[in-house]
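Architecture and fold: a report
Listed below, chain by chain, are the residues.
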Number of protein chains: 2
Amino acid sequence: MAKIKLADISTRAPKDWDKAETKAKTLKITEELDELQNLLFAEGKHSILVVIQGMDGSGKDGVIRNVLGNMNPQGVTVKSYKAPTAEELSHDFLWRIHHHAPAKGMIQVFNRSHYEDILVTRVHKWCDDETARMRMNAINDFEKLLQEHNNTHILKFYLHVSPEEQHQRLSERMKDPAKMWKYNEKDFDEAKLWDVYMAMYEDCFNNCDQPAWTIVPADQNWYKEYIIATQLRDLLTGLNMQFPGLKK
Amino acid sequence: MAKIKLADISTRAPKDWDKAETKAKTLKITEELDELQNLLFAEGKHSILVVIQGMDGSGKDGVIRNVLGNMNPQGVTVKSYKAPTAEELSHDFLWRIHHHAPAKGMIQVFNRSHYEDILVTRVHKWCDDETARMRMNAINDFEKLLQEHNNTHILKFYLHVSPEEQHQRLSERMKDPAKMWKYNEKDFDEAKLWDVYMAMYEDCFNNCDQPAWTIVPADQNWYKEYIIATQLRDLLTGLNMQFPGLKK
């Protein structure tokens, strides 16, 4: 498989891609998703894990609200991972993750994930390279477990924004009353570590690629949402699910 | 490593092994264990997982009560695994296990364990050989995760009783008022599957051997308890633990 180099991948939709048409398509797909999720739940054979990673301001919350959040919340749960608690730190790094793995019939969304343990931790050198390698192997084993032993289909999305777009979004948080709650002075410090983050992300994409990551151009929210909605719809459609008949 | 053949391993203490002396030694060791567990808890660097498997009537509850149950319950937890619930079955087979993996500083005892998913399930053909192989690989990956990422030291004990001793113990449950609550008619049906159980246990010991299993002669409770107490004591002593000094 070709190695991923983020600098070679555009953060924007292809030129001349029609915004209005795309938004209309996404709306139609989210309606399909609502039906497909109901079928997934009813059939109860498969489970879906959607991992969303990206820099601050890359629009993780927006995807969840606009694409994934339109399905029936009885069958879709979202877990946001923050810095680990003292209890979580007293266990292996996948302990808090495994607990939230999706049950059959469910769609589980991870807003940030176990991947932070080889991203932010490496950028700040809380985790050395050797430990990072061991964690990558453990992640691969863990994702294999979910896939092979619980019919879990995993989608991994990296929301790929440009540093310029990120800077603009973080700055908006200082001005827009509806966004101020998201403002965190430290985000600007993190942004200065951009190149190190990109290197760690690339290492992660290239070593934890079963299944492979989707690099989602994310400077335009409408395009990002379209890509993610499409992938989830295509995955669910491909499962050839059936409503079970009457139980005997 | 030499393959384990249960038929070649005695279910009794070596000839002329002194019962009274052994019981006195075990008592002394359990006192040491109480101190060592306190140190484990105080230091908070290591965690211990004790897996206890064995046929019905092999004395799993007795080991827990007499050897493992004398330590401070704040630092020792026991999880007994029964047939999985509907919720547990909607997840991969290690989901309910991982949740009870020991935190740093803790001793976790499993009374039956994830190994039932390649034992009772195979005996009754609820799990085919291919699935069993995949589960063994998943178990090996999982135990590696605990060992490498949370300093978890795993002891795996098989309580090795003879079918004659088992039959006697199961029969006693029908007569002794203090044991009747353990009586289960189905245990006699399971006992008829003895040879299949032994074959599945051997397959498990030989394929999931990182760390290796200890086959504990278990026809005499005093000898069984001595072996288990000794192994746990030796493991804890070998960790060279230190009380942490004052926090600065």
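The rules we used
Residues numbered from 1 in each chain as written. Chains lettered and ligands numbered in written order. Predicted model: local features only at pLDDT ≥ 70, side-chain atom pairs only at ≥ 80, totals over all residues. Heavy atoms only, no water. Helix = DSSP H or I, 4+ residues; strand = E, 2+ residues; numbered from the N terminus. Contact = heavy atoms within 4.5 Å. Phe/Tyr/Trp six-rings, centres within 6.5 Å; stacked < 30°, edge-to-face > 60°. Buried < 20%, exposed > 50% of the residue type's maximum accessible area, 1.4 Å probe, protein only. Lys NZ or Arg CZ within 6 Å of the ring centre and 35° of its normal. Least-squares fit on C-alpha atoms with pLDDT ≥ 70 in both. Buried area = accessible area lost by both parts, 1.4 Å probe. Salt bridge = Lys/Arg side-chain N within 4 Å of Asp/Glu carboxyl O. Polar contact = N/O pair within 3.5 Å; in protein donor to acceptor, adjacent residues only side chain to side chain. Pairing = 2+ DSSP bridges. Axes fitted to C-alpha atoms, helices over the stretch in contact; angles between N-to-C directions. Expected span 1.5 Å × (residues − 1). Lys, Arg positive; Asp, Glu negative; His and termini not counted.

Okay, the environment of Q74 of chain A next. Assignment of secondary structure puts Q74 of chain A in the loop between α2 (60-66) and β2 (76-80). With near-sequence residues (within four places) excluded, Q74 of chain A lies in contact with F41 and M106 of chain A.

Under the definition given, this model contains 20 aromatic pairs over all chains. Pairing Y81 of chain B with F110 of chain B gives two aromatic rings, centres 5.1 Å apart and planes at 90°, and the pair type is edge-to-face. Taken together, the residues Y81 of chain B in the loop between β2 (76-80) and α3 (86-89) and F110 of chain B in strand β3 (residues 107-111) connect sequence positions 29 residues apart. Side by side, Y81 of chain B and F110 of chain B carry an identical accessibility label, which is buried. Aromatic ring contacts, followed pair by pair, group Y115, Y158, Y201, F205 and W213 of chain A into a single cluster. In this structure, K79 of chain A packs its charged tip against the face of Y81 of chain A, placed 5.3 Å from the ring centre.

Of the transformation placing chain A onto chain B, the axial shift is 0.0 Å and the rotation is 180°, giving an RMSD of 0.0 Å. Expressed as an axis order, the relation between the two copies is that of a two-fold axis. In this assembly the copies share their binding face: 96% of the residues contributing to the interface of chain A also contribute to that of chain B.

Turning next to the interface of chain A and chain B. At the interface, 23 residues of chain A touch 22 residues of chain B. Summed over both partners, the interface of chain A with chain B buries about 2,000 Å², with 57% contributed by carbon and sulfur atoms. Counting the surface chain A buries against chain B, the share from its top three residues, D92, H98 and H149 of chain A, is 27%. Joining chain A to chain B, the criterion identifies zero salt bridges. Counting every contact that joins chain A to chain B gives 17 residue pairs in polar contact (both at pLDDT 80 or more).

A separate point is the environment of A218 of chain A. All names here are of chain A. Looking at where A218 falls in the secondary structure, it is placed in the loop between β5 (213-217) and α10 (221-238). Overall, A218 belongs to the buried group, its relative accessible area being 0%. Separated by 200 residues in sequence, A218 and D18 place their C-alpha atoms 16 Å apart. Filtering out sequence-adjacent residues up to four positions away, A218 remains in contact with T11, S58, L159, H160, V161, R169 and K224.

Before going further, it helps to examine the pattern of salt bridges. Opposite charge on two side chains permits them to pair, given that their charged atoms come into close proximity. The final tally for this structure, using the stated rule, is 34 salt bridges over all chains. In this structure, the salt-bridge partner of E21 of chain A is K25 of chain A, at a minimum N-O distance of 3.9 Å. Of the two residues, E21 of chain A and K25 of chain A both sit in helix α1 (residues 19-43), four residues apart, roughly one turn of that helix. On the basis of relative accessibility, which here comes to 48%, the residue E21 of chain A falls in the partly exposed class. Residue D203 of chain B is joined to R133 of chain B by a salt bridge in which the shortest nitrogen-to-oxygen separation is 3.0 Å. Residue D203 of chain B is located in helix α9 (residues 194-207), and its partner R133 of chain B is located in helix α6 (residues 129-150); the two are separated by 70 residues in the primary sequence. The partly exposed category is assigned to R133 of chain B, whose relative accessible area is 36%.

All names here are of chain A. Strand order in this open sheet of five strands is β2-β3-β1-β4-β5, and the pairing throughout is parallel. Either end of the sheet is taken by a strand with one partner, and the two such strands are β2 and β5. Averaged over all neighbouring strand pairs, the angle between strand axes comes to 20°, with direction disregarded. As judged from the eight bridges shared by strand β1 (residues 47-54) and strand β4 (residues 152-160), these two strands associate in the parallel manner. Following the sheet pairing, V50 is matched in β4 by L155. Together, β1 and β4 form the strand contacts of helix α6 (residues 129-150), whose direction differs from that of β4 by roughly 140°.

All names here are of chain A. A rise of 1.5 Å per residue sets the reference length of α10, with its 18 residues, at 26 Å; its end C-alpha atoms lie 26 Å apart and thus fit the reference within 8%. The element α10 is extensively covered by neighbouring structure, given that 13 of its 18 residues are classed as buried. In the stretch just after α10, N240 is the one whose phi turns positive, near 50°.

On to the side chain of E190 of chain B. Residue and element names in this part refer to chain B. Note on placement: E190 falls in helix α8 (residues 185-191). Buried and without a salt bridge, E190 has R112 as its closest oppositely charged side chain, separated by 7.9 Å. A distance of 2.8 Å separates a polar atom in the side chain of E190 from a polar atom in the side chain of H124. A polar contact is formed between the side chain of E190 and the side chain of Y197, at a distance of 2.4 Å. For E190, the contacting residues outside a window of four places in its chain are D56, V120, H124 and Y197.

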